[in-house]
There are 2 protein chains.
Amino acid sequence: MSKDKLLGQLYEKLDKVKGYAYATSIMHWDSATGAPKSGGLKRADSIGILSEDIYKNIVSDEVIEIVKKLKEMESELTTVEKILVEDVQKNIDSYIKIPMEEYVKYSSLVAKATLVWEDAKEKNDFESYAPYLEEIIGYIRKFADYRGYTDHPYNVYLDDYEPGMTVEKLDEFFAELKEGIVPLVKKIADKNMDFNKDFISVPFAIEDQKALSEELVQYIGFDLSRGFLKESVHPFTMGLCKDDVRLTTHYHLSNPMSSYFSTAHEGGHAIYEQNFDDSISGAYLVDAASMGIHESQSRMYENYICRNYNYWKNNYNKLQDRFPDQLGKVDLDTFYKAINEAKCTLIRTESDELTYSLHIMIRYELEIELLNGTLEVKDLPKAWNQKMQSYLGIVPPNDSLGVLQDTHWSNGLFGYFPSYALGNAYAAQLYKQMDKDMDIEKVIEKDELPKIKEWLTDNVHKYGKLMKPEELIVKATGEKLNPKYYIEYLNDKYSKIYDL
Amino acid sequence: MSKDKLLGQLYEKLDKVKGYAYATSIMHWDSATGAPKSGGLKRADSIGILSEDIYKNIVSDEVIEIVKKLKEMESELTTVEKILVEDVQKNIDSYIKIPMEEYVKYSSLVAKATLVWEDAKEKNDFESYAPYLEEIIGYIRKFADYRGYTDHPYNVYLDDYEPGMTVEKLDEFFAELKEGIVPLVKKIADKNMDFNKDFISVPFAIEDQKALSEELVQYIGFDLSRGFLKESVHPFTMGLCKDDVRLTTHYHLSNPMSSYFSTAHEGGHAIYEQNFDDSISGAYLVDAASMGIHESQSRMYENYICRNYNYWKNNYNKLQDRFPDQLGKVDLDTFYKAINEAKCTLIRTESDELTYSLHIMIRYELEIELLNGTLEVKDLPKAWNQKMQSYLGIVPPNDSLGVLQDTHWSNGLFGYFPSYALGNAYAAQLYKQMDKDMDIEKVIEKDELPKIKEWLTDNVHKYGKLMKPEELIVKATGEKLNPKYYIEYLNDKYSKIYDL
């Protein structure tokens with residue numbers, strides 16, 4: 001059979017998978033943006049059925065045969081086609097050794113577990129959630145065994161989210177980060193400085209916050225004609241296709257900047273999803289290079305741009321105009337310090353740039369122990385609190401503010417958290433390169449944000465998953481991932497803020 | 001094979017179909033409540049794929065065989081099981097003669113046509129929509145041929161939405177209605193009375209309208225813990241399961257009562273969907289008896305209750321308290337007349353109780369002609385306008401306010417419009433019965449709305465589709481559908497209002 005005919009058959013199968021995945025995504029979106037909890041089981045049933053169909057369409061003798069034949073004629077394939085075939089092969093490999101019934105049960109389990117987790121978090125009831133988490137971890141370990149791995153079962157999942165990443169590399173990365181960040185955190189704590197944050201802890205009308213968020217996403221480069229912004233408890237972004245990209249944020253009456261930075265963060269993800277090259281969509285490679293690269297884009301906008309002093313030189317008086325009662329008498333420097341305070345706090349998503357990666361280290365270490373079997377789910381809250389004490393010097397007063405704070409584990413997302421720390425480091429390295437290419441601080445100061453989006457699209461967005469993360473970062477910056485830029489950035493920024 | 005084993009196999013198939021249908025519904029919901037238009041084609045693809053799966057799971061040799069065997073052991077089946085088997089058989093019959101490729105193409109076509117219609121309505125551009133409508137009608141006629149029919153192809157679709165209904169019965173029904181309503185409309189027109197409606201044509205803050213709608217749905221009996229109210233251009237209700245029922249309404253700044261009655265209308269539908277008996281859900285018969293019966297519930301709340309004088313005796317001062325600037329100085333009688341004015345207007349959904357069914361007659365007659373082939377799509381706008389002139393004495397100034405106003409045809413919903421008129425008549429007959437059973441006017445006056453919901457649940461809601469509409473109306477009222485109650489009701493009500 002000719003190459004084109006084989007590819008045609010493959011595309012047909014992938015179209016079906018995309019159709020099911022689209023429906024599944026919409027159900028998740030619906031669930032997160034207001035669907036009544038009472039209907040959750042029916043949704044879980046439907047998701048279970050579609051998961052089975054996705055499985056069957058990828059792991060079918062037909063597709064396996066097509067891929068095998070295409071690999072035999074590798075010399076005839078274009079680079080893009082080769083990458084696609086490899087990608088499908090990886091996908092098959094990730095499924096084929098898992099018995100379908102187990103995969104379907106697992107899909108249904110995580111859909112239910114997410115509802116249970118939500119409830120448990122609300123009621124501070126870890127125990128009701130524990131059996132679900134235990135079952136999920138059982139599957140995670142078993143699936144790693146089925147799929148096979150080198151060195152550590154965790155490597156299977158790391159490679160899913162961050163192709164090429166391993167526990168070995170990650171241990172080194174985190175060790176370097178720890179060495180670079182912990183002393184800085186300590187120095188700042190020793191200074192015992194408290195910044196005034198009272199003026200951003202008073203009521204800001206929700207309607208005004210909403211208007212501000214709508215304005216912000218557009219300002220940083222999101223195209224509202226091909227997507228929209230909504231509200232959900234946990235902000236997230238969903239790219240259904242490059243012409244339908246959705247992001248959410250949350251609004252807290254007396255914490256407007258939480259919403260502001262959430263919007264900027266999700267905005268970064270959403271801009272990535274809107275700017276894949278059309279050739280990438282056509283080639284079925286519409287996805288980020290990795291979760292870490294995805295996170296680099298959100299961090300870029302949230303921290304490197306929107307928490308930048310030069311950014312606020314332009315934007316602070318506009319904010320004052322919008323909220324004259326609350327901010328009219330607060331000067332730029334006071335505001336800047338308030339939004340950049342480094343303080344050990346309980347909630348990852350609300351933590352500052354400096355301490356953020358410490359939260360990730362805690363989760364990473366716990367995941368490794370859970371997968372090793374050296375930590376049992378029943379002992380997880382205690383272990384969580386001990387690590388909080390050791391890394392951040394604080395202990396959550398209850399599990400809702402501790403081990404129950406994140407949804408990831410209830411979704412079966414083990415191996416995912418490290419992407420957040422990697423994202424911070426990728427962002428620093430990309431930012432450094434932008435600085436070389438265009439004097440980024442000047443660009444921000446001169447309010448030329450479209451230039452940044454253009455650079456990021458040219459160097460990151462447009463490629464989709466045409467390149468592995470390492471290839472992409474080397475092409476963009478001339479160097480493999482190097483945490484030193486992130487450490488330097490943090491030291492520079494916080495030394496200035498805290499006058500170290 | 002034993003009955004239980006066969007039923008088990010059938011339930012398994014139906015569960016799959018339900019899973020696909022659930023996902024499809026969520027995509028429709030998403031599309032109607034804010035999804036960006038730019039992503040519409042991907043959604044259409046996904047809907048197309050799931051439609052194919054629904055088809056395959058109903059029209060499979062396996063299911064056909066199961067149903068055949070179950071019918072052979074009919075004497076062993078319970079009544080409920082018998083009804084289910086019949087229902088599945090009807091479903092199979094409605095699909096089996098249609099070639100799957102055509103069915104899939106058609107499903108994808110209507111998904112696209114809905115987007116095209118939306119655009120055409122916005123731009124007053126019937127021509128861009130015409131080829132789609134033509135293609136849809138082609139399928140509708142062809143599918144009727146495939147499926148086979150007695151007397152008229154239209155009967156196929158009537159029976160889908162209103163089991164047991166035929167063109168013959170419907171012609172008689174509409175003739176009686178015409179005879180009862182047209183002279184009344186003429187008498188009112190001759191009186192040439194204009195009621196003051198200025199006070200409900202001024203701005204009412206959208207936020208307040210929203211709060212009012214939320215209060216209203218709960219007040220009439222909708223359980224907000226098992227569903228929710230949102231906003232969409234065209235109000236609708238979607239019952240995903242009895243524990244996840246959604247309704248939408250719309251808000252117009254200077255037309256608050258439009259939103260009020262839309263909410264009451266969809267509230268009636270939504271209450272129906274929330275109150276199926278659990279045994280009905282278990283027996284896979286969760287659905288309305290018919291679209292006409294469904295519509296009787298929405299009309300009951302919209303008109304019979306919420307446009308009732310006694311209803312406003314209780315509720316008008318609460319409304320005045322909410323909107324003192326607009327309504328503080330307007331007395332109850334003036335308000336009551338304003339919300340019950342009978343006037344020939346352009347838009348079906350905004351038309352009053354009296355002229356409403358005339359709009360339906362127009363659509364019914366046009367659908368018959370389109371299916372007969374005696375009317376071509378290109379001549380449809382002209383035919384529309386002529387009928388508007390003849391029934392209502394007015395002609396729309398453009399197609400957006402005329403032939404493009406309703407979404408139904410773009411969805412392939414031919415044979416659906418008559419349900420609206422039937423619903424009005426069912427509602428009158430049920431209302432009459434409630435009056436016998438509990439003196440309904442007193443109940444409304446005494447603000448005892450839960451009693452009404454209870455009666456409707458006992459006589460209508462709880463049965464799901466356990467009974468055909470005729471069986472249901474006979475059981476509830478002791479008589480087959482009889483339009484005289486509707487005609488009497490209209491004559492009584494409007495004679496008082498217009499002092500005839």
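The model shown is predicted, which means the values in this text are computed figures rather than measured ones.

Here is what the cut-offs are and how they apply
Residues numbered from 1 in each chain as written. Chains lettered and ligands numbered in written order. Predicted model: local features only at pLDDT ≥ 70, side-chain atom pairs only at ≥ 80, totals over all residues. Heavy atoms only, no water. Buried < 20%, exposed > 50% of the residue type's maximum accessible area, 1.4 Å probe, protein only. Helix = DSSP H or I, 4+ residues; strand = E, 2+ residues; numbered from the N terminus. Arc of directions from axis to C-beta. Contact = heavy atoms within 4.5 Å. Phe/Tyr/Trp six-rings, centres within 6.5 Å; stacked < 30°, edge-to-face > 60°. Lys NZ or Arg CZ within 6 Å of the ring centre and 35° of its normal. Polar contact = N/O pair within 3.5 Å; in protein donor to acceptor, adjacent residues only side chain to side chain. Pairing = 2+ DSSP bridges. Salt bridge = Lys/Arg side-chain N within 4 Å of Asp/Glu carboxyl O. Lys, Arg positive; Asp, Glu negative; His and termini not counted. Buried area = accessible area lost by both parts, 1.4 Å probe. Patch = residues over 30% accessible without salt bridge, like charges linked within 9 Å, V, L, I, M, F, W, Y side chains within 5 Å. Areas by Shrake-Rupley, 256 points an atom, 1.4 Å probe, with all protein chains shown as cover. Charge placed at Lys NZ, Arg CZ, Asp CG, Glu CD. Least-squares fit on C-alpha atoms with pLDDT ≥ 70 in both. Core = buried A, V, L, I, M, F, W, Y, C linked by side-chain atoms within 4.5 Å.

Quick notes on helix α21 (residues 469-477) of chain B
All names here are of chain B.
Step number 1: Taken residue by residue, α21 has Pro469, Leu472, Ile473, Ala476 and Thr477 as its buried positions. The arc enclosing the buried residues of α21, seen along the axis, measures out at 100°, which places them on a common side.
Step number 2: Packed against the buried residues of α21 are α12 (291-305), α18 (418-438) and α20 (449-459).
Step number 3: The first or second residue beyond α21 is Gly478, which carries a positive phi of 80°.

Remarks on the packing of aromatic side chains
All names here are of chain A.
Step number 1: A full pass over the atoms with the stated rule returns 66 aromatic pairs over all chains.
Step number 2: Plain terms: the ring middles of Tyr55 and Tyr95 are 5.7 Å apart, the flat faces sit at 80° to each other, and that makes the pair edge-to-face. Separated by 40 residues along the polypeptide, Tyr55 in helix α2 (residues 40-58) and Tyr95 in helix α4 (residues 79-96) bring together distant segments of the chain.
Step number 3: What makes Tyr55 buried here is its relative accessible area of 6%.
Step number 4: For Tyr95, a relative accessible area of 13% corresponds to the buried category.
Step number 5: One Lys or Arg, Arg299, reaches over the ring of Tyr356 and ends 3.9 Å from the middle of that ring.
Step number 6: Against the face of Tyr420 rests Arg348, its NZ or CZ located 4.6 Å from the ring centre.

Section: the environment of Gln218 of chain B
Residue and element names in this part refer to chain B.
Step number 1: As for its placement among the helices and strands, Gln218 is situated in helix α9 (residues 206-220).
Step number 2: In sequence terms Gln218 and Tyr139 are 79 residues apart; their C-alpha atoms lie 41 Å from each other.
Step number 3: A polar contact is formed between the side chain of Gln218 and the backbone oxygen of Glu214, at a distance of 3.1 Å.

Some words on the pairing of strand β2 (residues 237-241) of chain A
For a regular strand, the rule is simple: side chains alternate between the two faces of the sheet.
Residues and elements named next belong to chain A.
Step number 1: Both β2 and strand β3 (residues 244-249) contribute to a ladder of four bridges, which runs antiparallel. Each bridged residue has a counterpart across the sheet, and for Met238 the counterpart in β3 is Arg246.
Step number 2: Between β2 and the antiparallel strand that follows it, β3, lie two residues.

Points about the pattern of salt bridges
Residue and element names in this part refer to chain B.
Step number 1: One pass over the structure, following the stated rule, counts 72 salt bridges over all chains.
Step number 2: Among the ionic pairs, Glu365 bridges to Lys387, the shortest N-O distance being 3.0 Å. A residue pair is termed long-range when its members are at least 10 positions apart, and Glu365 in helix α16 (residues 356-372) and Lys387 in helix α17 (residues 380-392) qualify at 22 residues.
Step number 3: Across the pair Glu470 and Lys480 runs a salt bridge, and its minimum N-O distance is 3.8 Å. With Glu470 in helix α21 and Lys480 in the loop between α21 and α22 (484-498), this residue pair connects regions lying ten residues apart in the sequence.
Step number 4: Classification of Glu470 by relative accessible area gives partly exposed; the value is 38%.

Regarding the side chain of Asp399 of chain B
All names here are of chain B.
Step number 1: Here Asp399 shows up in the loop between α17 and α18.
Step number 2: Here Asp399 sits buried without a salt bridge, and the closest side chain of opposite charge, Arg363, lies 12 Å off (N-O distance).
Step number 3: When residues no more than four places from it in sequence are discounted, the contact partners of Asp399 are Asn124, Phe126, Pro381, Leu404 and Gln405.

Description of the interface of chain B and chain A
Step number 1: Listed per partner, the contact involves 32 residues of chain B and 32 residues of chain A.
Step number 2: With both chains or domains summed, chain B and chain A bury close to 2400 Å², and 62% of this area falls on carbon and sulfur atoms.
Step number 3: The largest share of the area that chain B buries against chain A comes from Tyr22, Pro36 and Ile49 of chain B, three residues that together contribute 20% of it.
Step number 4: Mapped by element, the contributors of at least two residues to the side of chain B that touches chain A are α1 (3-32), α2 (40-58), β1 (227-231) and β3 (244-249) of chain B.

Quick notes on a negative patch on the surface
Residue and element names in this part refer to chain A.
Step number 1: A surface patch of negative charge is lined by Asp151, Glu168, Asp171, Glu172, Glu176 and Glu179.
Step number 2: Along the chain, Glu168 falls in helix α8 (residues 167-191).
Step number 3: You can call Glu168 exposed: its relative accessible area is 60%.

Some remarks on the relation of the copies chain B and chain A
Step number 1: Rotating chain B by 180° and moving it 0.0 Å along the rotation axis overlays it on chain A with an RMSD of 0.0 Å. Classification of the inter-copy transformation places it as that of a two-fold axis. In terms of proximity to the rotation axis, the leading residue of chain B is Ala23 of chain B, whose C-alpha is 3.0 Å off the axis.
Step number 2: A high fraction, 100%, of the interface residues of chain B reappear at the interface in chain A, so the copies pair face to face through one surface.

Quick look at the nonpolar core
Step number 1: Counting residues in hydrophobic clusters, the biggest one holds 343 residues, and the most contacted among them are Trp312 of chain A together with Trp312 of chain B.
Step number 2: When sequence neighbours within four positions are dropped, the list of residues in contact with Trp312 of chain B reads Met257, Tyr260, Phe261, Cys306, Arg307, Leu319, Leu332, Phe335 and Ile339 of chain B.

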